[in-house]
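Examining the three-dimensional arrangement
One letter stands for each residue in the lines below.
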Amino acid sequence: MSIVGPDPTPLPRYPRGTLLLVGLAAATVTAIGMSSIRGILAPVLLTLVLSICAHPVRVRLEKRGVPHGLATGSVILVVFALLSGFFYVVIVAISQFVSMLPNYAAEIHDLGLSLSEFLNTIGIGDAQIQAMTEGFTPSRFVPYLTGFLGSFFGIVGFLVIVLTMLILMSSDASYAHTILGQLSQRRPGLVDALKTFAANVRRYMVVTTVLGLAQGLLNTIALWILQVPAALLWGLLAFLCSFIPNIGYFFAITPPIVFGYLVGGWPTVIAVIIVYGVINGGVQSIIQPKAVGSAVSLNQTITFFSVLFWAVVIGPIGAILAIPLTLLARTFLVDSDPDIAWVRPAFGPTTETRRLLKAADVADKNARKSKAPKPPDPTPANPPEPRRTA
């Protein structure tokens, strides 16, 4: 009786194209499934990011001798109070804007006529112009704003989910250190990736929040001085758009430009552009990158695509949380797997990639200098002797 051993023939390896198509199909199905439950997924993901940001505060309170339950409850109440207060200010600002919007009906109508005349001069047909200019009436703006107010910001269920998940996540966070210790025995790479993700997200969100508040406050004051209507609402919009990379600036500046033109004409428009360029452009282009550092190592293409992707999947919250959610996906799919960690530099200009690029630039510069022809010596080899006079 013979014993048959294992078949030494290796299993066939699927073509890379097949694996790529299967991966894209799985990602598509996952995105569609997430989009179908966006009503509960968006507040849960928002609460996850808030819990990550608030976790160090609870830990510091416990180190100072505050009981676990009291420290957790204090953090929950403070975070939820800040979130509720922000939503309340947004509701008040939108309500005031809706109430004063009919006062600018004539100006908005004239703006629509001016736009139609401009479109007519560049060859756009009357039917398309009429369809576009019909929207320049307060009767079209008010239902949209009130629907937005009632379906998103005014929904009680959103805050209920956030409060419930905040209580549960904050309570479970007390076991985070122990759970990570257990996981590190089997998956040390995953634990390191999760710790790095939490630190990076915490730094990004805290810095962006502080700088966004400064932007919103300065924009509100500047728009109030310029007498632009609904200055508070546009300041809040600038704060929210500070979390949206690349395109958030254009969303924040468009409404102040329109209403600045209605009340002050082109001088006010130019003033708004200069103010937003100095405040928002300076903060987002100079201060924020230095403050965040390497916490967000995503290249510009992936950053922009992540905003579009998460906005489609879970709505406006997805655009605001695009960077943390993309970092979370990269943590589980790339950073935690040593076999695929080699692809990480393709997702962003990491420190090692920037160092290699700088070294390559220096080497190219030295090579160009060594190949450059030497300039001729202006001093002759044998200078003529001076003539002697008798």
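Residues numbered from 1 in each chain as written. Predicted model: local features only at pLDDT ≥ 70, side-chain atom pairs only at ≥ 80, totals over all residues. Heavy atoms only, no water.

What to know about the side chain of T220
Just so we agree on the cut-off: What counts as a helix is a DSSP run of H or I of at least four residues, what counts as a strand is a run of E of at least two, and both are numbered from the N terminus. Under this definition, polar contacts are N or O atom pairs within 3.5 Å; protein pairs additionally need one hydrogen-donor-capable and one acceptor-capable atom, and for neighbouring residues in sequence, both atoms have to be side-chain atoms. A contact between two residues is defined here by any heavy atoms of the two lying within 4.5 Å.
One can find T220 in helix α9 (residues 188–225). A polar contact of 2.7 Å, which involves the side chain of T220, links it to the backbone oxygen of G216. Look past the residues within four positions of T220 in its chain and what remains in contact with it is A231, L232 and G235.

Considering the nonpolar core
Formally: Here, nonpolar core means buried Ala, Val, Leu, Ile, Met, Phe, Trp, Tyr and Cys residues that are tied together by side-chain atoms lying within 4.5 Å of each other. Each residue's exposure class comes from its accessible area (1.4 Å probe, protein chains only) as a fraction of the maximum for that residue type: buried when under 20%, exposed when over 50%, partly exposed otherwise.
Counting 64 residues, the largest nonpolar core has M205, W234 and L321 as its most contacted members. Sequence-distant contacts of W234, defined by excluding residues within four places in its chain, comprise F97, L223, V228, P229, P255, P256, F259 and Y276. Formed by five residues, the second largest nonpolar core is a distinct cluster that contains A54, V75, V79 and L166.

Quick look at the pattern of salt bridges
Using the following cut-off: Whenever Lys or Arg places a side-chain nitrogen within 4 Å of a carboxyl oxygen from Asp or Glu, that contact is recorded as a salt bridge.
Applying the stated rule across the entire model yields two salt bridges. E62 is the salt-bridge partner of R58, the closest N and O atoms lying 2.5 Å from each other. With R58 and E62 both in helix α2 (residues 38–63) and four residues apart, this pair spans about one turn of that helix. Using a relative accessible area of 4% as the deciding quantity, one classes R58 as buried. The partner of R330 in a salt bridge is D335, and the shortest N-O contact between them spans 3.4 Å. Among the residues examined, R330 registers a relative accessible area of 6% and is labelled buried. By relative accessible area, D335 is classed as partly exposed at 22%.

Regarding α9
Cut-off, in case you're wondering: In this scheme, a helix's expected span is set at 1.5 Å multiplied by one less than its residue total.
Between its first and last C-alpha, α9 extends 56 Å over 38 residues, near the 56 Å set by a 1.5 Å rise per residue. Just downstream of α9 lies Q227, where phi reads positive at about 65°.

Regarding the packing of helix α3 (residues 68–100) against helix α10 (residues 231–241)
Inclusion rule: Angles shown run from 0 to 180 degrees and are taken between the N-to-C directions of axes, each axis being a line fitted to C-alpha atoms and, for helices, limited to the stretch in contact. Orientation categories follow fixed angle ranges, with anything under 35 degrees roughly parallel, anything over 145 roughly antiparallel, 65 to 115 roughly perpendicular, and all other angles oblique. In this scheme the handedness of a crossing depends on how the near helix is turned from the far one: anticlockwise by less than a right angle means left-handed, clockwise means right-handed. Lys, Arg, Asp and Glu make up the charged group, whereas Ala, Val, Leu, Ile, Met, Phe, Trp, Tyr, Cys and Pro make up the nonpolar group; the residues left over, Gly among them, are polar.
Contact geometry of α3 with α10 gives a least axis separation of 9 Å together with a crossing angle of 135°. Between α3 and α10, the angle falls in the class oblique. Here α3 and α10 pass one another in a crossing that is left-handed. Contacts between α3 and α10 involve F86, V89, V90, A93, I94 and F97 on the former and, on the latter, L232, L233, W234, L236, F239 and L240. Here the contact of α3 with α10 is composed, by residue class, of twelve nonpolar, no polar and no charged.

A few points about the UniProt feature "transmembrane region" (unreviewed entry) in the protein chain
The cut-off we apply is this: UniProt positions are given in the numbering used here, feature names are shortened, and annotations may be inferred rather than shown by experiment.
Mapped onto the present numbering, the UniProt feature "transmembrane region" (unreviewed entry) falls at residues 17–34, 69–94, 141–168, 204–226, 232–251, 258–279 and 307–328. This span, residues 17–34, is 100% helix and 0% strand, and a straight line between its end C-alpha atoms measures 26 Å. Within the segment residues 69–94, helix and strand shares are 100% and 0% respectively, and the terminal C-alpha atoms sit 37 Å apart.

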